[in-house]
Amino acid sequence: MDLHKQAANLIKTKSNIVAFTGAGISVESGIPDFRSSGGLWERFDPNEYAEYSAFLKWPEKFWTMHSELAELVSSAEPNPAHQALATLESMGKLTTIITQNIDFLHQRAGNSRVLELHGTGETATCLSCQKQYERITVEKMLKSVIVPRCPDCNGLIKPNVVLFSELPPQDVFEEAKRALLGADLVIIIGSSLSVYPAAALPSLVIYTKTPVIIVNEEPTSLDYYADVVINGKAGEIFPLIIKAMSEL
Ligand code: NAD
């Protein structure tokens, strides 16, 4: 049986599917991932551009990278893989998405329960007075400065994304863990599974023996435990899986 059909067969009988997504699911929306060739880390060393103490020391480096990413995110649209996850929710199959992404594309595709392990680029905080800012407001500031500062107290403004050396929000992490432990199928999409602690979450399936489907361009460390592994582009694979479901 072909792999799309095998995945469709697994999905067909399930009603509490949890998807775990990484940067790879948004590549076909025009947002590069970090580690693939052409990815952001080829040009920006994460220790200088995306680490918390580096942000405090060289905020201009972070903002140079983030502004570039933010521009891509603001013009990006959900692709067929995001849309397929929304379809699975509307069919009463998928209940939760746990994402490492900060691009808001799952919500824009129509999924209602999206747990953002690495925060969101939609809002930002002044690190001095804690005032919250909308992305649009910060984008306006970025038209005239490289490093946006709080108009009230001149503090550094930081998007509400989790940088290296920062921990994912504890409540979101715990909720994600509970969702995975209760899942009847886990679908992992577009993650190298190498950014910790987020990547530890899908590894729970090793102990729970929950069925797993992995869709990724390259092999991952969990392939051995997966029931179905499909290597390729998520935006091409998911429409084929949805089509195979309609033919069962
Ligand atoms: P990663 O960059 O480590 O891995 C991405 C994986 O996706 C790779 O294994 C790659 O082979 C695969 N991939 C690339 N294109 C694909 C496609 N079209 N279809 C299927 N698979 C594809 O990403 P990660 O595991 O999410 O970790 C990187 C960190 O970067 C995360 O913490 C995330 O927060 C952040 N990030 C987010 C965005 C975003 O919000 N869109 C973009 C870049 C990085």
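Being a predicted model, the structure only gives us computed values, none of them experimental.

Caption draft 1: A look at the overall build of the protein chain. Assigned secondary structure in the protein chain consists of 10 helices and nine strands. For 248 residues, the compact-globule formula gives about 18 Å, and the C-alpha radius of gyration of the protein chain, at 19 Å, lands near that figure. Dimensions of the protein chain, computed from the C-alpha atoms along their principal axes, are close to 60 × 30 × 30 Å. When each of the 248 residues of the protein chain is scored for burial, the buried share is 51%. Partitioning the intrachain contacts of the protein chain with sequence separation of at least 6 by distance along the chain shows that 69% fall at a separation of at least 24. For the protein chain, the centre of its 21 positive side-chain charges and the centre of its 29 negative side-chain charges are spaced 3 Å apart.

Caption draft 2: Summary view of the sheet that holds strand 7 (residues 185-189). If you walk across this open sheet you meet the six strands as 3-2-1-7-8-9, and the pairing is parallel. One side of each edge strand has no neighbouring strand; the edge strands of this open sheet are strand 3 (114-116) and strand 9 (228-231). If you compare each strand with its neighbour and ignore which way they point, the axes differ by 15 degrees on average. Two elements, strand 1 (residues 17-21) and strand 7, share five bridges in a ladder whose sense is parallel. Looking across to strand 7, one finds that Val 18 is bridged to Val 186. Packing against the sheet, helix 1 (residues 3-12) makes contact with strand 1, strand 7, strand 8 (212-216) and strand 9, and its axis sits at approximately 135 degrees to strand 9.

Caption draft 3: Layout of the pattern of salt bridges. This structure, assessed with the given rule, holds 11 salt bridges. Close ionic contact of Arg 135 with Glu 139 constitutes a salt bridge, the shortest N to O distance being 3.0 Å. Pair noted here: Arg 135 and Glu 139 are both in helix 7 (residues 135-141), with a separation of four residues, about one helical turn. Judged by its relative accessible area of 26%, Glu 139 falls in the partly exposed class. Through salt bridges with shared partners, a single network forms among Glu 122, Arg 135 and Glu 139.

Caption draft 4: The site of the ligand, seen in detail. In the vicinity of the ligand there are 27 residues, among which Arg 35, Gln 100, His 118, Ser 192 and Glu 218 approach most closely. Between the ligand and Ile 102, the relevant distance is 2.8 Å, taken from an oxygen atom to a main-chain nitrogen or oxygen of the residue. Between a nitrogen atom of the ligand and a main-chain N or O atom of Glu 217, the distance comes to 3.2 Å. When the free accessible area of the ligand is taken as 850 Å², the share hidden by the protein chains comes to 96%. A per-class count over the shell around the ligand returns eight nonpolar, 12 polar and seven charged.

Caption draft 5: Just the packing of helix 5 (residues 80-90) against helix 10 (residues 234-246), in detail. It is the contact of helix 5 with helix 10, at a shortest axis distance of 7 Å, that shows an interaxial angle of 35 degrees. Contacts from Pro 80, Ala 81, Ala 84, Leu 85, Thr 87 and Leu 88 of helix 5 reach helix 10 at Ala 234, Gly 235, Phe 238, Pro 239, Ile 242 and Met 245. The class makeup of the residues in the contact of helix 5 with helix 10 is 10 nonpolar, two polar and no charged.

Caption draft 6: Representation of the sheet that holds strand 4 (residues 119-126). The three strands lie next to each other as 5-4-6, forming an open sheet whose pairing is antiparallel. Every interior strand has two partners, whereas the edge strands, strand 5 (132-134) and strand 6 (157-161), have only one. Between one strand axis and the next, the sheet turns through 40 degrees on average, direction left out of account. As paired elements, strand 4 and strand 6 share four bridges and run antiparallel to each other. Each bridged residue has a counterpart across the sheet, and for Ala 124 the counterpart in strand 6 is Pro 159.

Caption draft 7: Representation of the pairing of strand 4 within the structure. In terms of burial, strand 4 is largely enclosed, as seven of its eight residues are buried. Note: strand 4 against strand 5, three bridges, orientation antiparallel. Considered in strand 5, the bridge of Ala 124 is made with Tyr 133. Hairpin connection of strand 4 to strand 5: five residues between the antiparallel strands, including Gln 130 at a positive phi of 70 degrees.

Caption draft 8: View of the packing of aromatic side chains. In the structure shown here, the tally under the stated rule is six aromatic pairs. A centroid spacing of 5.1 Å and a plane angle of 85 degrees characterise the contact between Phe 55 and Phe 62, whose relative ring orientation is edge-to-face. Across the pair, exposure class does not vary: Phe 55 and Phe 62 are buried alike. By the ring-pair criterion, three or more aromatic residues cluster together here, those being Phe 34, Trp 41 and Phe 164. A cation over a ring is seen here: Lys 61 above Trp 58, with NZ or CZ 4.8 Å from the ring centre.

Conventions adopted
Residues numbered from 1 in each chain as written. Predicted model: local features only at pLDDT ≥ 70, side-chain atom pairs only at ≥ 80, totals over all residues. Heavy atoms only, no water. Helix = DSSP H or I, 4+ residues; strand = E, 2+ residues; numbered from the N terminus. Rg over C-alpha atoms; globule rule 2.2 N^0.38 Å. Buried < 20%, exposed > 50% of the residue type's maximum accessible area, 1.4 Å probe, protein only. Contact = heavy atoms within 4.5 Å. Lys, Arg positive; Asp, Glu negative; His and termini not counted. Charge placed at Lys NZ, Arg CZ, Asp CG, Glu CD. Pairing = 2+ DSSP bridges. Axes fitted to C-alpha atoms, helices over the stretch in contact; angles between N-to-C directions. Salt bridge = Lys/Arg side-chain N within 4 Å of Asp/Glu carboxyl O. Near = heavy atom within 4 Å. Polar contact = N/O pair within 3.5 Å; in protein donor to acceptor, adjacent residues only side chain to side chain. Areas by Shrake-Rupley, 256 points an atom, 1.4 Å probe, with all protein chains shown as cover. Nonpolar A, V, L, I, M, F, W, Y, C, P; charged D, E, K, R; others polar. Phe/Tyr/Trp six-rings, centres within 6.5 Å; stacked < 30°, edge-to-face > 60°. Lys NZ or Arg CZ within 6 Å of the ring centre and 35° of its normal.

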